[in-house]
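# Tertiary structure, described
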Amino acid sequence: MITVTDDTTPATTPRFSDLALGEPLQRALQEKNYTIPSPIQAQTIPHLLEGRDLIGIAQTGTGKTAAFALPILHRFAAHPRRLSPKRPRALILAPTRELAIQIGQSFAAYGKHLKLSHLTVFGGVNINPQIHALQRGIDILIATPGRLMDLASQRCVSFEDVEVFVLDEADRMLDMGFINDVRKIVSRLPSQRQSLLFSATMPPAIQELAASMVRNPQRVEVTPAATTVERIEQQVCHVEHGQKRAALAHFIHAHPEGLVLVFVRMKHMANKLVEQLGKDGIRAEAIHGNKSQAARQRALENFRTGRSRVLVATDIAARGIDVKGISLVLQHDLPEEPESYVHRIGRTARAGKEGKAIAFCGPDERHLLRDVQRTIRQTVPVLEGLPFCSVVSAETLERDSSPRSGSQGGGRFGFRPARRGNQPPAHGRSGSRFGRGGIDRR
Ligand code: AMP
């Protein structure tokens, strides 16, 4: 059973000093000038200290690393154990080497006054130093799945002593094709353990994995700040599928200033659109899970510098993109998961700027539009009067949305719906660097 935490505004904002974290951790936090826990930290740390399992729906930038690192460090410091070769007590799985390195750095920073050891392992580098470090024994192992499987198959690491397991960015693991490796690793873990799963979205494959991985979890969701969404001018354009290309070119041409981010549901569609846009005289690049890390970084750099004014992305590849100057977000396809709509439009209107978001809705996507509107609790204004815009009556919309009825509010997976614009953000922390999360800082 999944427990949904109550995230109503507490009477007082908690401080790190109110949390039952040991003195060496408090000192490290003070040295980093962290006084106020972010919403995900405030909501999870007390439960994690009690040993609860967790499903955290949160992106990078919400403070999720400290949310799991601090309780792990506290627990191991309170119950020290002699190091045994090859047998870490905590295992953290991350999809990319960049994220793994970042997590390792967080453990180093928060644990600087403790005598606990950690090691970060990933592919593409010599495996031997990693084997030697494991042989010497470490408390906390941070790994990408491929290299961990290599090390496990060479019997250089054993999972027998794992007390805490963290799966970070689970949906990105799926997108990058690591899900089977992850399943294999999970199947080898001891059944007595604490398990944490973080994911920005919860597609069915991740829900299944979560169900097999966690027991009686606490569930915490951190959604993007309402204030961000308020500044975005949203519109929906009903359009036949055959007209989407013309619509895309129209909006990009009609928007000569600023960067344009285009979202698609499928990877192959991203490539196809780049090709089509090229024929329409628009230089664009694609970024999705089938592209190498180097190709993604190149595309991102070209976009950031304005060399390509248009970037076409899938949801998960767009994670972590914090590019200033995106003034238009186009959704070529509506997302299967209504929460993604909010993450997508949140790519514009950054740093106090205004932004515009236009979503295309094909005839077979009307139920998705209904899900989005229920989740954001707003009706998105309909754009009319352009040659490719279809006029759809309220009755037609209602009829076409009905086959998938039954998800009243709360989204399809029982997510907490986005707040209305005039409601205060949870914890009354508007203007904090975290808002209600979802804002990437990488
Ligand atoms: P993360 O989502 O874990 O990648 O964290 C995002 C950024 O916020 C990182 O640079 C953290 O060091 C920083 N951070 C995490 N927790 C806090 C906090 N409570 N106060 C201020 N900064 C924080």
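Coordinates for the structure precede this section.
Analysis parameters
Residues numbered from 1 in each chain as written. Predicted model: local features only at pLDDT ≥ 70, side-chain atom pairs only at ≥ 80, totals over all residues. Heavy atoms only, no water. Pairing = 2+ DSSP bridges. Helix = DSSP H or I, 4+ residues; strand = E, 2+ residues; numbered from the N terminus. Axes fitted to C-alpha atoms, helices over the stretch in contact; angles between N-to-C directions. Contact = heavy atoms within 4.5 Å. Buried < 20%, exposed > 50% of the residue type's maximum accessible area, 1.4 Å probe, protein only. Salt bridge = Lys/Arg side-chain N within 4 Å of Asp/Glu carboxyl O.

## Structural notes on the sheet that holds strand β14 (residues 355–361)
Across the sheet, which stays open at both edges, the six strands sit in the order β9-β14-β13-β10-β12-β11 with parallel pairing between neighbours. For this open sheet the edge positions go to β9 (232–238) and β11 (284–287), each flanked by a neighbour on one side alone. Across this sheet, the average inter-strand angle for adjacent strands is 20 degrees, counted without regard to direction. Across four bridges, the pairing between strand β13 (residues 326–331) and β14 is parallel. Along β14, the bridge assignment pairs V329 with A357. Lying on the sheet, helix α11 (residues 244–253) is in contact with β10 (259–263), β12 (310–313), β13 and β14; it crosses β14 at an angle near 170 degrees. Across the face of the sheet, helix α12 (residues 267–279) comes into contact with β10, β11 and β12 while running at roughly 175 degrees to β11.

## Comments concerning the environment of P39
Relative to the elements of secondary structure, P39 occurs in helix α2 (residues 39–49). A relative accessible area of 6% means that P39 is categorised as buried. Each C-alpha atom, one on P39 and one on K64, is 9.4 Å from the other, the two residues being 25 residues apart in sequence.

## Details of the pattern of salt bridges
Any two side chains of opposite charge can pair, given that their charged atoms come close. All chains considered together, the criterion is met by 23 salt bridges. Between E169 and K64 there is a salt bridge whose closest N-O contact spans 3.9 Å. Taken together, the residues E169 in the loop between β6 (164–167) and α7 (170–175) and K64 in helix α3 (residues 64–78) connect sequence positions 105 residues apart. The two residues E169 and K64 agree in class, both being buried. Three or more residues joined by partner-sharing salt bridges are found here, namely K244, R265, D333, E336 and E365.

On their own, these measurements won't tell you what the molecule is for.
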